[in-house]
Amino acid sequence: MATGRRPGAYVCGIDAAMDVIGGKWKVLILWALNERPCRFGELRRNLPGITEKVLASHLRELEADGIVHREEYEEVPPRVEYSLTALGVSLNTALAPLGAWGREHVLGAAEHARNAVHQVPGRA
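Note that the structure is predicted; figures quoted are calculated from it, not measured.

Cut-offs and rules
Position numbers for residues count from 1 along each chain, tracking the sequence in the order it is written. Reporting of local features is limited, given that this is a predicted model, to residues whose pLDDT is at least 70; pairs of side-chain atoms are given and counted only at 80 or more, and all residues count toward the totals for whole chains, interfaces and linings. Values reported for side chains reflect all heavy atoms of the structure, with hydrogen atoms and water molecules removed beforehand. Runs of H or I in DSSP of at least four residues are treated as helices and runs of E of at least two as strands, each being numbered from the N terminus. Helix axes are fitted to C-alpha atoms over the stretch in contact, other axes to C-alpha atoms as well, and angles between N-to-C directions run from 0 to 180 degrees. Each angle is binned into one of four classes, with values under 35 degrees roughly parallel, values over 145 roughly antiparallel, values of 65 to 115 roughly perpendicular, and all other values oblique. By definition, residues are in contact when any of their heavy atoms lie within 4.5 Å. Centres within 6.5 Å are what make two rings of Phe, Tyr or Trp a pair, Trp counting through its six-membered ring; a difference in plane orientation under 30 degrees is then read as stacked, over 60 as edge-to-face, and the rest as tilted. A ring is scored as having a charge over it whenever the NZ atom of a lysine or the CZ atom of an arginine sits within 6 Å of its centre and within 35 degrees of its normal. When accessible area is computed with a 1.4 Å probe and restricted to protein chains, residues below 20% of their type maximum are described as buried, those above 50% as exposed, and intermediate ones as partly exposed. For two strands to be treated as a pair, DSSP must find at least two bridges joining them. One speaks of a salt bridge when a side-chain nitrogen belonging to Lys or Arg is within 4 Å of a carboxyl oxygen belonging to Asp or Glu. Residues belong to a common nonpolar core when they are buried Ala, Val, Leu, Ile, Met, Phe, Trp, Tyr or Cys residues joined through side-chain atoms within 4.5 Å.

> Give me unusual backbone geometry: which residues, what numbers.
That bond from V76 to P77 is cis: its omega, -5 degrees, falls within 30 degrees of zero. Along the chain, P77 turns up in the loop between β2 (68-73) and β3 (79-84).

What follows is the structure, encoded as structure tokens:
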């Protein structure tokens, strides 16, 4: 893993991990690569709203940190695929409980609120 990404010492392990996955898109990139390797355009389609510049930058950072592997194929036209390294797979495994928490407490709470709005008062 790349060192010295941020000046100063980390306060704890979560601080160090957040430096690797920080930002809106990196965790979503990891999620998208969890199923199978993807080409750049495919990743961009799977992540609506991300710009090419941000995706390219985040992929470079994740590659430098040893989380993502970039495979170049000697073909015409050239083809590049991105996949998770063993370290990236272990990071996704570590993020799985966070995803479960979000589904239960954020998405579940939103679903519960939507259902409560649609109930007729006085009926169970």
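> I'd like a description of the packing of helix α1 (residues 13-21) against helix α2 (residues 26-33), backed by residues and values.
For any two helices packed against each other, the geometry comes down to the angle between their axes and how far apart the axes lie. Contact pair α1 / α2: the axes reach a minimum separation of 8 Å and the direction vectors enclose 75 degrees. Classified by the angle their axes make, α1 and α2 are roughly perpendicular. Residue-level inspection shows D19, V20 and I21 of α1 in contact with α2, the latter providing K26, V27 and L30.

> An account of the packing of aromatic side chains is needed here, citing residue identities and associated values.
Applying the stated criterion to the full structure yields zero aromatic pairs. One cation-aromatic arrangement involves R79 over Y73; the distance from NZ or CZ to the ring centre is 3.9 Å.

> Break down α1 for me, with residues and values.
Within α1 the residues assigned to the buried category are D15, D19, V20 and I21. Remark: G23 follows α1 within two positions and exhibits a positive phi of approximately 105 degrees.

> Quick one: what's the story with the sheet that holds β3, residue by residue and with numbers?
Adjacent strands of a sheet form backbone hydrogen bonds with each other and so pair up, either parallel or antiparallel. Read across the sheet, three strands follow the order β1-β3-β2 without closing on themselves; strand pairing throughout is antiparallel. Both outer strands of the open sheet, β1 (38-39) and β2, are each paired with one neighbouring strand and no more. Strand direction decides the pairing type here: β2 and β3, joined by six bridges, are antiparallel. Note that in β3 the partner of Y73 across the bridge is R79. Relative to β3, α2 is tilted by about 100 degrees, and along the sheet it contacts β1, β2 and β3.

> Hey, could you go over the pattern of salt bridges for me, with residue numbers and the actual values?
All told, the structure shown has six salt bridges when counted by the stated rule. A salt bridge links R36 to E42; the shortest N-O distance between them is 2.5 Å. Looking at E42, the relative accessible area reads 19%, which means it is buried. Its salt-bridge partner being E75, residue R79 comes within 3.0 Å of it at the nearest N-O pair. Owing to a relative accessible area of 36%, E75 belongs among the partly exposed residues under this scheme. What you see here is one network of salt bridges that share partners, running through E75, R79 and E81.

> Provide a residue-level description of the side chain of H58, including the pertinent values.
Examined against the element boundaries, H58 turns out to sit in helix α4 (residues 52-64). With relative accessibility at 13%, the residue H58 sits in the buried group. Setting aside anything within four residues of it in sequence, one finds H58 in contact with W25, K26 and I29.

> Kindly report on the nonpolar core, identifying the contributing residues and their values.
By size, the foremost hydrophobic cluster in this structure holds 21 residues, and its most contacted members are I29, L33, L43 and V68. Going through the elements one at a time, α1, α2, α4, β3 and α5 (86-118) are the ones with two or more residues in this core. When neighbours within four sequence positions are excluded, L33 is seen to be in contact with C38, L43, V68, Y82, S83 and L84.

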